[in-house]
Amino acid sequence: MARNQFKTEVNKETETKKVSKETEADSKKNSFGFFNKVIQVFTNEKLVKITGVSLLIFSLFTLLSLASYLFTWKIDQDKLSESWNNILFNNEILLENWMGKFGGLLAHQFIYSGFGVSSFIFTLLFFILGFRILFKVELLSLKKTFNYSIFSIVWLSIALGFLFAKQPILGGTFGYQTNLWLISIVGKIGVGFILLLSLLIYLIINFNFNFALTKTFSKLEKELKDDDEIIEPQEEKPLTGQNKFKEPQTQPTETVEETPHTIIEDEIEDETNESEIVLSTNTPPVKTETIDEKGVSFVVEETEETEEILTESEINSKVAEFGEYDPTLDLSSYQLPPLDLLKDFGNTQRKVSQEELEANKNRILDTLQNYNIKIASIKATIGPTVTLYEIVPEAGVRISKIKNLEDDIALSLAALGIRIIAPMPGKGTIGIEVPNLSPEIVSMRTCIASDRFQNSKMELPIVMGKTITNETFVFDLAKMPHLLMAGATGQGKSVGLNAVLTSLLYKKHPSQLKFVLVDPKKVELTLYNKIERHFLAKLPDTEDAIITDNQKVINTLNSLCIEMDERYGLLKDAMVRNIVEYNTKFIERKLNPNDGHKFLPYIVLVIDEFADLIMTAGKEVETPIARLAQLARAIGIHLIIATQRPDANIITGIIKANFPGRIAFRVTSGINSRTILDTSGADQLIGKGDMLISQGNDLIRVQCAFVDTPEVERICDFIGNQRGYPEVFTLPEFVGESSSGGTGTFDDDEKDALFDDAARIIVSSQQGSASLLQRKLKIGYNRAGRIVDQMEAAGIIGPFEGSKARQVLITDSATLEQFLSDMNNSNN
């Protein structure tokens, strides 16, 4: 009975508070009702369209009125001195202006009484504004155009009034009167200096005007000298797959018109140990703060997505202009994929209601208060799939006590994937991530169209999706420099790989980037076969560019090691540290192609299922991958490895040590999460593209952008239907040790000149290895492999035994010298 009475009293108190809150809300609603109605009127879709059409028609009407005024102003001048009412409503007054009385009055007001002929710029502003409102397309940047136009109108009016004081329509009344005032202050010469100074200041502020005339003149002198050089005809060579860039000749040819090289637009930055991660810039979030009956402050922070999204026409214009940045123009007609190839998911506004936020907040507070944990304030930040609740505990509350209540909070919220971050990095709060009841789809189209991605200066920009604060997440693979992706089956790993590849395809030219794709499952990456002659690389005499056979994977990895060694040799000769400096030097014609120098594209190795390779090949795969991961960063070879088995047997210590960038999708256990990220958290994700990205000690939760198979197919079709290179980009030839002859016959005529020295090295070290000969004799792998085959045929070493080293059949140097002496005597 007492309990029912307590409930009744609580209900009465709650009802009283509710009525008072409703009364307060009604008063606020009435006070702002008028303004809400005004806003609704001006945001009406029909009114917006009418406004756009009206501005377009008005801009054309004004243009014709102003143009006609230039020819008729002298005739109409005496009539225009009358008032507007007399002119408009007196049928006896007629004007010669093409657009009648209203056009004449409008032009007179703009030109004669206003800013003179610079008033024509107003018509441009009206047209751009109307076009933007009606078609939702920005022909020119509205902000910049308005800035330039206002300055031009004012400055031209004053300048024309200063230069042509006797022609009133050139500078208008504004220009004429302003000049009279300025002349009275600083004199006529002083006005000229003011005009010049104001123009130079404006150019410096807006365009960073360069006064380095000596550099300009020296560049012009160099170009004139280049034009005066003697041109001798040279033999034209056909393009090949290796000829990614036309190598600059020491003397240009007559048969082929030489196009000057242009430096790649990407900004050259010094390499650092950390990857460059960029989050898009948003306007300040909208905050709503309330204090509930328990005295706890509750702040809802909703980050509005106000990031500038480039329109399709702007992106396509960038595509059309891309050719001028191609240093060699081998594929000058190549076009980047347009935006409309990606699916538009339409309105993806958040669907988190205020009721859901309040309910989750109350459940969190109730659960904490059940364990005598008092909270000072709580703030909610709404993301695309997860809402972050940041709580500030009162003084004296231990963080570990809240951390241990993770399961209790998850139970009270009845939600999947509750994750507690205690404490939040860089903040004095504790974060609780709660999945939204209605998560939104993060569109790849929106991420690709973002200003942050389109205007990035990164070497290999990759956009993965959006963070919990709805910010576009972009990172530079060249700075990462290798990426490990892992997650349980069906949690978004394949979509993540497609997001990585799609990002690079939307930013790079085929001459700047090549993919080496390894797909043991044979079904995930087959769509990319269509871009074989544009972006893929493979071994010589190989039919399929997508590698599915494990033995070919081993050969490909060793071939990349050879490519790495060759590139380091080129960097050494060029006396540079990395691929960016090398390519810049090559583009500036400071490296001679006759010395073996060439433009080096980035190479990205993608392995879709790493676990299968480790199970079947083991050390033969792990060793070259570890070597590439340790050394290949500076020469532009980057690795992306994905697996659905994040076990310690698959992701070994060697792999983890050389892959600082890691992406974890949802896994089934905390042990797997620690294997990938060295910490828990991946087991508490909600799946469907929800992931954690680790870069060092920081973990960032990102919702992966969704790119479906039909979208990838359309992108590959668009690229594949364009003209590609005559041949696929080929990697260096690699002959595995398993291909040794082993016939027991030795051809003395084909004996290598270094055979004797190689035999002495093998016997003294008792290691029958081709890589040993590479290091000791400083020769290539192919030649070292042939010497090993000859030593096997001569009986110095044994046959190939898989992953084991070859057996050395001669045990001491004296026996070897006698063997070599007998061999040489028999040859003589």
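Starting afresh in each chain, residues are numbered from 1 along the sequence in its written order. Local features in this predicted model are restricted to residues of pLDDT 70 or higher, and side-chain atom pairs are both shown and tallied only at a pLDDT of 80 or more, whereas totals for entire chains, interfaces and linings draw on every residue. Side-chain numbers come from the whole structure's heavy atoms, not from hydrogens or water.

Examining the overall build of the protein chain
Counting its secondary structure elements, the protein chain contains 27 helices and 18 strands. Carbon and sulfur atoms make up 55% of the accessible area of the protein chain, which amounts to about 42600 Å² in all. Secondary structure elements are defined from DSSP: runs of H or I of at least 4 residues count as helices, runs of E of at least 2 residues count as strands, and each element is numbered from the N terminus. Accessible surface area values rest on a Shrake-Rupley calculation with a 1.4 Å probe, where residue burial reflects the displayed protein chains alone.

Overview of the packing of aromatic side chains
Any pair of Phe, Tyr and Trp rings, taking the six-membered ring for Trp, is counted once the centres come within 6.5 Å. Such a pair is stacked with planes under 30 degrees apart, edge-to-face with planes over 60 apart, and tilted for the rest. Applying the stated criterion across every chain, the model contains 13 aromatic pairs. Both rings, one in phenylalanine 110 and one in phenylalanine 122, keep their centres 5.3 Å apart while their planes meet at 45°; by these two values the pair is tilted. With phenylalanine 110 in helix H4 (residues 100-115) and phenylalanine 122 in helix H5 (residues 120-135), the pair connects residues that are twelve residues apart, well separated along the chain. Note on classification: 1.4 Å probe, protein chains only; a residue is buried when its accessible area is under 20% of the maximum for its type, exposed when over 50%, partly exposed between these limits. Residue phenylalanine 122 is classed as buried on the basis of its relative accessible area, which comes to 17%. Pairing phenylalanine 115 with phenylalanine 122 gives two aromatic rings, centres 6.1 Å apart and planes at 50°, and the pair type is tilted. Connected via pairs of aromatic rings, a cluster forms that spans Phe110, Phe115, Phe122 and Phe174. Only when the NZ atom of a Lys or the CZ atom of an Arg is both within 6 Å of the ring centre and within 35 degrees of the ring normal do we say a charge sits over the ring. When the ring centre of phenylalanine 453 is taken as origin, the NZ or CZ atom of lysine 507, which lies over that ring, is 5.7 Å away.

Remarks on H5
With 16 residues, H5 should cover 22 Å at 1.5 Å per step; its first-to-last C-alpha distance of 23 Å lies within 8% of that length. All of the buried residues along H5 are Ile121, Phe122, Thr123, Leu125, Phe126, Ile128 and Gly130. A contact between two residues is defined here by any heavy atoms of the two lying within 4.5 Å. Elements that come into contact with the buried residues of H5 comprise helix H2 (45-80), H4 and helix H6 (142-163). Looking one or two residues beyond H5, the residue adopting positive phi is lysine 136, at roughly 55°. Helices are assigned an expected span. That span is 1.5 Å times one less than the residue count.

Quick look at the confidence of the model for the protein chain
Here the protein chain shows a mean pLDDT of 78. Residues at 70 or above account for 77%. The predictor attaches a confidence to each residue, and that confidence, scored 0 to 100, is pLDDT. Across the protein chain, strand E13 (residues 602-607) holds the top mean pLDDT of 94, while strand E1 (residues 277-279) sits lowest at 45. Confidence drops under a pLDDT of 50 for residues 222-282, and excluding neighbours within four residues, the segment shows 133 contacts in the predicted structure. This model gives residues 737-744 a pLDDT under 50, and the stretch forms 13 contacts once residues within four places in sequence are excluded.

Concerning helix H18 (residues 579-587)
By the criterion of burial, H18 is predominantly enclosed, with seven of the nine residues buried. Buried within H18 we find Ile579, Val580, Tyr582, Asn583, Thr584, Phe586 and Ile587. In this structure, the buried side of H18 is in contact with helix H17 (550-574) and E13. Polar contact criterion, stated in full: a pair of N or O atoms within 3.5 Å, where within protein one must be able to donate a hydrogen and the other to accept it, and residues adjacent in sequence count only if both atoms are side-chain atoms. Taking the backbone nitrogen of valine 580 as reference, a side-chain oxygen 3.2 Å away marks asparagine 578 as the first, capping residue of H18. Looking one or two places after H18, you find arginine 589, whose phi comes out positive at around 65°.

Overview of the pairing of strand E5 (residues 386-393)
Burial of E5 is extensive: six of the eight residues sit out of reach of the surface. Here, strands pair whenever DSSP counts at least two bridges between them. Of the pairings in the sheet, the one linking strand E4 (residues 375-382) to E5 comprises seven bridges and is antiparallel in character. Bridge pairing in E5 links threonine 381 to leucine 388. Counting the residues in the hairpin turn of E4 and E5 gives three residues. In this sheet, strand E7 (residues 430-435) lies alongside E5 in antiparallel orientation, the contact comprising six bridges. Within E7, the position partnered with valine 386 by the bridge is proline 435.

Thoughts on the environment of phenylalanine 61
The residue phenylalanine 61 is located in helix H2 in this model. A relative accessible area of 22% places phenylalanine 61 in the partly exposed class. Leaving out residues up to four positions away in the same chain, phenylalanine 61 has contacts with Met99, Phe102, Gly103 and Leu106.

Remarks on the pattern of salt bridges
Salt bridges are identified by distance alone: a Lys or Arg side-chain nitrogen within 4 Å of an Asp or Glu carboxyl oxygen. Taken as a whole and assessed by the stated rule, the structure comprises 21 salt bridges. Salt-bridge contacts for glutamate 390 lead to lysine 379; the nearest nitrogen and oxygen are separated by 3.8 Å. Here the residue glutamate 390 occupies a position in strand E5, and lysine 379 occupies one in strand E4, the gap between them amounting to eleven residues. Accessibility expressed as a relative area gives 5% for glutamate 390, which makes it buried. Given a relative accessible area of 23%, lysine 379 falls into the partly exposed group. Here the salt bridges share partners, and the residues they tie into one network are Arg419, Glu433, Asp690 and Arg701.

Quick notes on a nonpolar patch on the surface
Residues Leu60, Phe127, Leu139 and Leu140 make up a contiguous nonpolar surface patch of about 340 Å² in total accessible area. Take leucine 140: it is sitting in the loop between H5 and H6. By relative accessible area, leucine 140 is classed as partly exposed at 43%. The patches reported here contain residues having more than 30% relative accessible area and no salt bridge. Joining distances are 9 Å for like charges and 5 Å for nonpolar side chains (Val, Leu, Ile, Met, Phe, Trp, Tyr).

Some remarks on the pairing of strand E10 (residues 483-486)
Burial along E10 is two-sided: the residues Leu483 and Met485 and Leu484 and Ala486 are all buried. The sheet contact formed by E10 and strand E14 (residues 637-643) spans four bridges and is parallel. Bridge pairing in E14 places alanine 486 opposite threonine 643. Pairing of E10 with strand E15 (residues 661-664) involves four bridges; the strand directions are parallel. Across the sheet, leucine 484 pairs through a bridge with arginine 662, a residue of E15.

Quick notes on the packing of H6 against helix H7 (residues 168-207)
To get an axis, fit a line to the C-alpha atoms, keeping to the stretch in contact for a helix; angles then go from 0 to 180 degrees between the N-to-C directions. Closest axis-to-axis distance for the H6/H7 pair is 7 Å, and the angle between their directions is 135°. Classified by the interaxial angle, the pair formed by H6 and H7 is oblique. The two elements H6 and H7 meet at a crossing, and its hand is left-handed. Partitioning the contact of H6 with H7 into residue classes produces 16 nonpolar, ten polar and one charged. Any angle between 65 and 115 degrees counts as roughly perpendicular, while under 35 counts as roughly parallel, over 145 as roughly antiparallel, and the rest as oblique. With the far helix as reference, a near helix turned anticlockwise by less than a right angle produces a left-handed crossing, and one turned clockwise produces a right-handed crossing. In the scheme used here, Gly and all other residues not listed as nonpolar or charged are polar, with Ala, Val, Leu, Ile, Met, Phe, Trp, Tyr, Cys and Pro taken as nonpolar and Asp, Glu, Lys and Arg as charged.

What about the side chain of glutamate 390?
A polar contact is formed between the side chain of glutamate 390 and the side chain of threonine 429, at a distance of 2.9 Å. Other than its neighbours up to four places away in sequence, glutamate 390 contacts Ser377, Ile378, Lys379, Thr381, Met424, Lys427, Thr429 and Ile430.

Structural notes on the packing of H17 against H18
How two helices sit against one another is set out by the angle between their axes and by the gap between those axes. Where H17 meets H18, the closest approach of the two axes is 10 Å, and the angle between their N-to-C directions is 60°. Classified by the angle their axes make, H17 and H18 are oblique. Crossing handedness for the pair H17 and H18: left-handed. Where H17 abuts H18, its residues Arg567, Leu570, Leu571 and Ala574 lie against Ile579, Tyr582 and Lys585. Its residues assigned to classes, the contact of H17 with H18 shows five nonpolar, no polar and two charged.

Section: unusual backbone geometry
Cis geometry is found at the peptide bond from methionine 480 to proline 481, where omega equals -5°. With respect to the element layout, proline 481 can be found in the loop between strand E9 (472-476) and E10. The phi angle at methionine 575 is positive, at roughly 60°, despite the residue not being glycine. The class for methionine 575 is exposed, based on a relative accessible area of 70%. One non-glycine residue with positive phi stands out, namely lysine 688, at about 55°. Tracing the backbone shows lysine 688 in the loop between helix H22 (670-677) and strand E16 (690-695). For lysine 688, a relative accessible area of 76% translates into the label exposed.

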